[in-house]
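Chain by chain, the residues run as shown.
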Amino acid sequence: MLEPTIRPRRLRATPAIRRQVCETRVHPNALILPVFVREGIDAPVDITSLPGVQQHTMDSLRKLANDSAEAGLGGIMLFGIPAERDACGSGATDPEGILNRAITAVAEEVGDALTVQADLCLDEFTDHGHCGVLDADGRVDNDATLARYAEMAVVQAQAGAQIIGMSGMMDGQITVAREALDAAGHQDAILLAYSAKYASAFYGPFREAVDSQLSGDRRSYQMDPGNRREGLHEVLLDIEEGADIVMVKPAMSYLDVLADAAAESIVPVWAYQVSGEFAMIEAAAQNGWIDRERAIDESIVSIKRAGADAVLTYFALEYARTLR
Ligand code: PBG
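To keep things clear, this report deals only with the structure shown in the data block. (Residues numbered from 1 in each chain as written. Predicted model: local features only at pLDDT ≥ 70, side-chain atom pairs only at ≥ 80, totals over all residues.)

1. Regarding the overall build of the protein
Okay, so step 1: Within the protein one finds 11 helices and 10 strands.
Okay, so step 2: Taken over the C-alpha atoms alone, the protein extends approximately 75 × 45 × 40 Å along its principal axes.
Okay, so step 3: Expressed as a percentage of contacts within the protein between residues at least 6 apart in sequence, the contacts between residues at least 24 apart total 75%. (Helix = DSSP H or I, 4+ residues; strand = E, 2+ residues; numbered from the N terminus. Contact = placed C-beta atoms within 7 Å.)

The structure is reproduced here in structure tokens:
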């Protein structure tokens, strides 16, 4: 009979041994909760395709912010849903716009306990639903959009955003945001670059969450899911442009890109477990096809293991509580 001398199973024998040799641990601080705030509602609204996630009022946002601080989360990433939209996304740069008011509310409420983060993109604010402004032929105009992003960055920093999430995938967006922030005296505002952001089917439920007006797709600015090397190019470019943190998005289908970024980056690397990734787990669990808690834990641990220093996830609050 064969008698192995090397027995990896030794280290799997008991829960205590397994805990001792566990390579990947998630701390609540490494979790960021994406949050939706909607203008013109007086009670939170459920999002059907994201069970348990809601569009918040300013009041329910304040409560959620306190719960998140209590649970020890690293931060909250804010998304705004305005009542009115137009071609250039005016609401995004209105200091009284929903997102900017939400930033101030969270900063006031828990700004010392966690980081206040804001999504910087025009898609929630435009009536055509694209992430930028359009040219005469209806194409997303990169350089005209940069001017809007620069303005938006300053307004968000003024409102109290500590971390500004550049999610629009326009070329040069980190450079222009940094220059605009510095010129306005916001040298301390941190730029989180959604560097390798793919044109993904997994953003599906997000469209319901922000009541998206988009018809068509974002393939002329978000990346092709088949491209790995290009993901690293985007990451390195953003670091060169001055990104303080880089990100890969979505997470679970892009762990190779995430591992590449983690190997090469000299700044923190984050990953975004997006709405469709959340929805898949919830849907399968509702059918009794997978163990919900184990799937949540395994998915987040895997993203961390692949190289993410922190993870944006709709599970953040619930998951952080299980880690305590
Ligand atoms: C752009 C943005 C999107 C998401 C985050 N920021 C939508 C998109 O690019 O189409 C998607 C996040 C998710 O699906 O959870 N503002």
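2. Section: the site of the ligand
Okay, so step 1: In the region of the ligand, the neighbouring residues are Asp119, Cys121, Asp123, Cys131, Ser167, Tyr203, Phe206, Arg218, Val274 and Ser275.
Okay, so step 2: The residue makeup of the shell around the ligand, split by class, is 5 nonpolar, 2 polar and 3 charged. (Near = placed C-beta within 6 Å. Nonpolar A, V, L, I, M, F, W, Y, C, P; charged D, E, K, R; others polar.)

3. Considering the packing of helix α3 (residues 98-110) against helix α4 (residues 142-159)
Okay, so step 1: Two numbers describe how α3 lies on α4: the axes approach to 8 Å, and their chain directions differ by 30 degrees. Taken together, the axis directions place α3 and α4 in an arrangement best described as roughly parallel. Between α3 and α4, the residues in contact are Asn100, Ile103 and Thr104 and Val155, Gln156 and Ala159, respectively.
Okay, so step 2: Class assignment for the residues of the contact of α3 with α4 results in 3 nonpolar, 3 polar and no charged. (Axes fitted to C-alpha atoms, helices over the stretch in contact; angles between N-to-C directions. Parallel < 35°, antiparallel > 145°, perpendicular 65-115°, else oblique.)

4. Some details on the nonpolar core
Okay, so step 1: In terms of nonpolar packing, the biggest core is built from 105 residues, with Ile76, Leu78, Ala153, Ile164, Ala177 and Val311 touching the most fellow members.
Okay, so step 2: Beyond its immediate sequence surroundings of up to four residues, Ala153 is in contact with Leu120, Ile164, Ala177, Ala180 and Leu181. (Core = buried A, V, L, I, M, F, W, Y, C linked by C-beta atoms within 7 Å. Buried ≥ 20, exposed ≤ 12 C-beta atoms within 10 Å, placed from the backbone.)

5. Remarks on helix α10 (residues 292-306)
Okay, so step 1: Over its 15 residues, α10 extends 21 Å from the first C-alpha to the last, a length consistent with the 21 Å expected when each residue adds 1.5 Å.
Okay, so step 2: Restricting attention to buried positions, one finds in α10 the residues Ile296, Ser299, Ile300, Ile303, Lys304 and Ala306.
Okay, so step 3: At the C-terminal side of α10, Gly307 shows a positive phi close to 135 degrees. (Expected span 1.5 Å × (residues − 1).)

6. Concerning the pairing of strand β7 (residues 190-197)
Okay, so step 1: A large share of β7 lies buried, amounting to 7 of its 8 residues.
Okay, so step 2: Once the chain exits strand β6 (residues 163-166) it traverses helix α5 (residues 173-183) before rejoining the sheet at β7, and the crossover so formed is right-handed.
Okay, so step 3: As paired elements, β7 and strand β8 (residues 245-249) share 4 bridges and run parallel to each other. When the bridges of β8 are listed, Lys197 appears paired with Lys249. (Right-handed = clockwise from strand over helix to strand, strands pointing away. Pairing = 2+ DSSP bridges.)

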